[in-house]
Amino acid sequence: MQLISVIIPAFNGEKTIFYTIESIINQTYKNLEIIVVNDGSTDSTLEIVKRFSDCRLHILSYSQTGVAASRNRGLNKANGKFVSFIDADDLWTPEKLEDQFKVLQEHPQAAVAYSWTDYIDGEGKFVKSGQRVTATGDVYNQLLLGNFLENGSNPLIRREAMDTVGGFDESLAATQDWDMWLRLAACYEFVVVPKAQISYRISANSMSANFLRQEAASLQVMERAFSHEKAQSLQHLKKYTMANMYQYLTFKSLEVPLEKQQRWISIRFLWNCIMCNPSLLRHKKIFAIAVLKILVPRLYNHIKQLL
């Protein structure tokens, strides 16, 4: 069995990192190394990681530089022919790595295997299902429209492919994973494991300023992707990419606790979404929910409890 390197960027993850590492140790695929990159944590993250006696686990500690730099530092120390990343608050099902490795062996022309995502809350309880995309082969078109891998804790990637496209872009304030998947898709094929194998933890502490940074970074990634030679004949998709991005940001901003919401941000996101793709107004139920959450959030929460 070939070695898989699992890289965990960790900053102040004391509440969840034990369960993240446990989900990796319990993988049915055993020939792996676990590289925890402690990104200047000031809580007990490092002490919790050190409790594990598994000889496959290695710890790197640096001053805080961000998730992209942490992933790159872990990648530079990795020895595996395959690599996967997981954030310090996410979880994998036990068969995740084995299934993704198997499908890559069955499709040697592919460099990236991805699975489906479910969303959990801070207590680890199921919240909702993610997208159930089954795109394979050349997926650049689909990735232009949005990050259907959904998060950075998803794919298993051939190391040689990552060496070819380079590391994560540390200049981006957000969406570094979407940028990486697009760069990989420009050169390599993808393959899917049609199972929900990633549990992505939804944070209730996101501040509105983070959404503005995410907007700016997403626009930067989008412009770069549409300037690639593979996108020369795909410029007509740009308005749909913009609409999808703003729809995502609209509903993401509305997941923030009511007392922390800045509704003008959600309104601007929703407006931009409609301006980019007015046909989305045909989905009356979706946009009625968005408007209700923005304008009368307490009424929305009351109605939701009654349903």
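Scroll up a little and you will see the structure.
Let me begin by describing the structure that accompanies this report. For clarity, every value in this text was computed on a predicted model and none was experimentally measured.

To continue, consider the overall build of the chain. Helix and strand counts for the chain come out as twelve helices and nine strands. Across the 307 residues in the chain, those meeting the buried criterion constitute 51%. Only carbon and sulfur atoms are counted for the fraction: they give 53% of the accessible area of the chain, which is about 14600 Å².

Moving on: the pattern of salt bridges. Under the defined criterion, the tally for this structure stands at eleven salt bridges. With its nearest N and O atoms 3.4 Å apart, the salt bridge here joins Asp87 to Arg71. With Asp87 in the loop between β4 (82–85) and β5 (91–92) and Arg71 in helix α3 (residues 67–77), the pair connects residues that are 16 residues apart, well separated along the chain. Here Asp87 falls in the buried class, since its relative accessible area comes to 19%. Residue Lys195 is joined to Asp99 by a salt bridge in which the shortest nitrogen-to-oxygen separation is 3.1 Å. Residue Lys195 is found in strand β9 (residues 189–201), and its partner Asp99 is found in helix α4 (residues 96–106); the two are separated by 96 residues along the sequence. On the basis of relative accessibility, which here comes to 43%, the residue Lys195 falls in the partly exposed class. Relative accessible area serves as the criterion here: at 17%, Asp99 is assigned to the buried category.

Moving on, we come to the environment of Glu14. Within the element layout of this structure, Glu14 appears in the loop between β1 (4–10) and α1 (17–25). In sequence terms Glu14 and Glu47 are 33 residues apart; their C-alpha atoms lie 8.7 Å from each other. Beyond its immediate chain neighbours, meaning those up to four positions away, Glu14 contacts Asp43, Ser44, Thr45 and Ile48.

As a further point, take the pairing of strand β3 (residues 57–62). Relative to β3, strand β2 (residues 32–39) runs parallel, the two sharing six bridges. When the sheet's bridge partners are listed, Asp39 is paired in β3 with Tyr62. You can see the chain leave β2, run along helix α2 (residues 45–50) and come back into β3, and the turn it takes is right-handed.

Time to look at the packing of aromatic side chains. By convention here, two paired aromatic rings are described through the distance between centres and the angle between planes. Within the structure shown, the criterion is met by nine aromatic pairs. When the centroid spacing of 5.0 Å and the interplanar angle of 55 degrees are considered together, the rings of Tyr29 and Phe101 count as tilted. Taken as a pair, Tyr29 in the loop between α1 and β2 and Phe101 in helix α4 lie far apart in primary sequence, 72 residues in all. Among the residues examined, Tyr29 registers a relative accessible area of 2% and is labelled buried. Both rings, one in Tyr246 and one in Phe269, keep their centres 6.0 Å apart while their planes meet at 40 degrees; by these two values the pair is tilted. Taken together, the residues Tyr246 in helix α9 (residues 238–253) and Phe269 in helix α10 (residues 263–276) connect sequence positions 23 residues apart. Each member of the pair Tyr246 and Phe269 is classed as buried. Of the aromatic side chains, those joined through ring pairs into one cluster are Phe18, Tyr19 and Phe52. Sitting over the ring of Tyr62, Arg73 keeps its end group 4.1 Å from the ring centre. The ring of Trp92 has Lys96 sitting right over it, with the charged end atom 3.9 Å from the ring centre.

Let's shift gears to unusual backbone geometry. You will see that Asn12, though not glycine, has its phi angle at about 50 degrees, which is positive. With respect to the secondary-structure elements, Asn12 resides in the loop between β1 and α1. We classify Asn12 as partly exposed; its relative accessible area is 30%. The phi dihedral of Glu150 falls on the positive side, at around 75 degrees, and the residue is not glycine. Along the chain, Glu150 turns up in the loop between α5 (140–145) and β8 (156–158).

What counts, and at which threshold
- Per chain, residues are indexed from 1 in the order of the written sequence.
- Restriction of local features to residues with pLDDT of at least 70 applies here, the model being predicted, together with a cutoff of 80 or more for giving and counting side-chain atom pairs; totals for whole chains, interfaces and linings are based on all residues.
- Hydrogens and water molecules were not included; the side-chain quantities draw on all heavy atoms of the structure.
- Going along the chain from the N terminus, every DSSP run of H or I of four or more residues is numbered as a helix, and every run of E of two or more is numbered as a strand.
- Only protein chains enter the accessibility calculation, which uses a 1.4 Å probe; a residue is then buried when its area is under 20% of its type maximum, exposed when over 50%, and partly exposed in between.
- Where accessible areas are quoted, they stem from the Shrake-Rupley method and a 1.4 Å probe; at the residue level, only the protein chains shown are allowed to cover.
- In the sections that follow, a salt bridge refers to a side-chain nitrogen of Lys or Arg positioned within 4 Å of a carboxyl oxygen of Asp or Glu.
- The contact criterion used throughout is that any non-hydrogen atoms of two residues lie within 4.5 Å.
- Strands were regarded as paired on the criterion that DSSP finds at least two bridges between them.
- Assignment of crossover handedness uses the view with strands pointing away from the viewer, where a clockwise path from the first strand over the helix to the second indicates a right-handed crossover.
- Centres within 6.5 Å are what make two rings of Phe, Tyr or Trp a pair, Trp counting through its six-membered ring; a difference in plane orientation under 30 degrees is then read as stacked, over 60 as edge-to-face, and the rest as tilted.
- Charge-over-ring contacts are defined here by two conditions on Lys NZ or Arg CZ: a distance within 6 Å of the ring centre and an angle within 35 degrees of the ring normal.

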